[in-house]
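# Results of the structural survey
Take a look at the letters that make up each chain.
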Amino acid sequence: MKLIYQIGRLDAQMKTLKFLYEGKEYEKELSSFALKEHFRSDVKVILIYPVSLPFNRALVNDKSQLGNDLKNKIRIILEDEDQRNGYLENPRGFFQCHPHSKPEDDFILIHSMGEYEGVKFESSYDDIVLEILFDMIDRYIKDRFSELYIDISSGLNIYVSALLEAMRHFAIFDGLQNWSDSSRCKIYKVFSDPILGSSANIFQIHQVKTEFKTFFSSPIKKEDINNYKLSKGITEFLFKEDRRDFKNKLQNYFENFAIHFSAIKNATPLANFTFEFDDNSSIESFIKGIIEKAKERINENWKKSPNLSKEYFLKTLLSLSFYGGIVKTFKDKNLKIAGACGASLEEIKKFEEIYKIFGLKLNETILGKELYNLREGKDREGKTLIEKANDEWKLLKDYLPTESETESFETRNLFAHAGFEKTITMVRKYNEKLYFTYKFSACSKVKEALLDKV
């Protein structure tokens, strides 16, 4: 499916124009409508209407070419305070009558900035960016559109800038969830030749493919997780009452993501097999719930936006999307929590493929070297680990000498040996295969070490 976004218009001269796209002419009111007709099927236009659009007396003067019904609606809003307040409580009904609003397409409302016809709109740029981004993510979860077209042919600079920034954040959101280029949404910026002041009678539509590099870097750090800082902040933005259940669930997602991210980043795959991870559908459902609640807060006051923290919401949405991307990668490679049976050497070796997906080439080398030592390394008597191990769980240090005189857990050794720290790693032989797990009492130490290295 293709999705096209464009800032909607409402002016006295709502005439059709001739657009040229890929050698074909289309006579339409907006360039996005021309694109839609060109694509023909499986495409939807989403118009973005700033809520201040009706506050313009030029729309109701004698020269205005708007229909009488729409002019009357605008006139009432401008002249009747009760009707104006009613509009500002629920502006969506007005825009359903907009001549460009079509049942087969859709529109969204965004807050405005500035003063129009005596009405002052106090909104933040960041909130407008989030409004558009929320809509993009929400529709992506529902429809999984594969192509996104951002038409910047119309709209004031501030709204166009917000649309472009929302596009950039969405591209990163999508990239963190889909690490294969073939599964990512294709994104294009489109724009027509300048229309205002032009003497031309046909306007070329231009298209530029837009790509954003996604890096294996966590949107959140340990300080965001400590003392529920980020989960508490988001909960306070979304709810007026205490919602400990929501805060705790979000905190759990953050911690699980950070642990698995850090385990991948720091080449400690046994941790990925040891600690739980959530189902992708539950992560996605939670993202949807955050957006729905944020939209409710945004729609409470159309004269003044709620001044959400863009930093907090971006950290939250990108972290959850990244977490979903990690879980999706695990599922694609058929990786599961090892549980009491532990993970075999062969299963752990699969992480060399996962490191390739995430572009972590050095981790392939680190893990490969450690697995070779565990598989082929010999003691002074010339025996390998698999020759010495039996079906009873024992610490790795019982078979291999430790580098620490105290023979106690050392974080440095955890990361130096791809997670196989000898004083906490358990090993057994079953069906001529080596299996590994962490000593249960040491799991909290491993989690803490991983969180420190996010």
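Right, let's walk through the structure included here. This is a predicted model, so every value here is computed, not measured. (Residues numbered from 1 in each chain as written. Predicted model: local features only at pLDDT ≥ 70, side-chain atom pairs only at ≥ 80, totals over all residues. Heavy atoms only, no water.)

Together, Glu79, Asp80, Glu81 and Asp82 make up a region of like negative charge exposed at the surface. By the element assignment, Glu81 lies in helix α3 (residues 81–89). (Patch = residues over 30% accessible without salt bridge, like charges linked within 9 Å, V, L, I, M, F, W, Y side chains within 5 Å. Areas by Shrake-Rupley, 256 points an atom, 1.4 Å probe, with all protein chains shown as cover. Salt bridge = Lys/Arg side-chain N within 4 Å of Asp/Glu carboxyl O. Lys, Arg positive; Asp, Glu negative; His and termini not counted. Charge placed at Lys NZ, Arg CZ, Asp CG, Glu CD. Helix = DSSP H or I, 4+ residues; strand = E, 2+ residues; numbered from the N terminus.)

A few words on unusual backbone geometry. Not every positive phi belongs to a glycine, and Glu117 is a case in point at roughly 50 degrees. Looking at the secondary structure, you find Glu117 in the loop between β6 (114–116) and β7 (119–121). With a relative accessible area of 37%, Glu117 lands in the partly exposed category. For Asn431, which is not a glycine, the phi torsion comes out positive at approximately 50 degrees. Among the secondary structure elements, Asn431 is positioned in the loop between β13 (425–430) and β14 (433–438). (Buried < 20%, exposed > 50% of the residue type's maximum accessible area, 1.4 Å probe, protein only.)

Once that is clear, we can look at the pairing of strand β4 (residues 43–50). Across the eight residues that make up β4, a large majority, seven, are buried. Pairing geometry for strand β1 (residues 2–7) and β4, over six bridges, is parallel. Bridging from a neighbouring strand, Gln6 pairs with Leu47 of β4. Across five bridges, β4 lies against strand β5 (residues 106–110) in parallel orientation. (Pairing = 2+ DSSP bridges.)

Moving on: the packing of helix α6 (residues 157–177) against helix α12 (residues 310–332). Contact geometry of α6 with α12 gives a least axis separation of 6 Å together with a crossing angle of 30 degrees. In this view, α6 runs roughly parallel relative to α12, as classed from their interaxial angle. Every residue of α12 that contacts α6 at Glu165, His169, Ile172, Phe173, Leu176 and Gln177 is listed here: Lys310, Leu314, Leu317, Leu318, Ser321, Phe322, Gly325 and Lys328. Looking at the contact of α6 with α12 residue by residue, the classes come out as seven nonpolar, four polar and three charged. (Axes fitted to C-alpha atoms, helices over the stretch in contact; angles between N-to-C directions. Parallel < 35°, antiparallel > 145°, perpendicular 65-115°, else oblique. Contact = heavy atoms within 4.5 Å. Nonpolar A, V, L, I, M, F, W, Y, C, P; charged D, E, K, R; others polar.)

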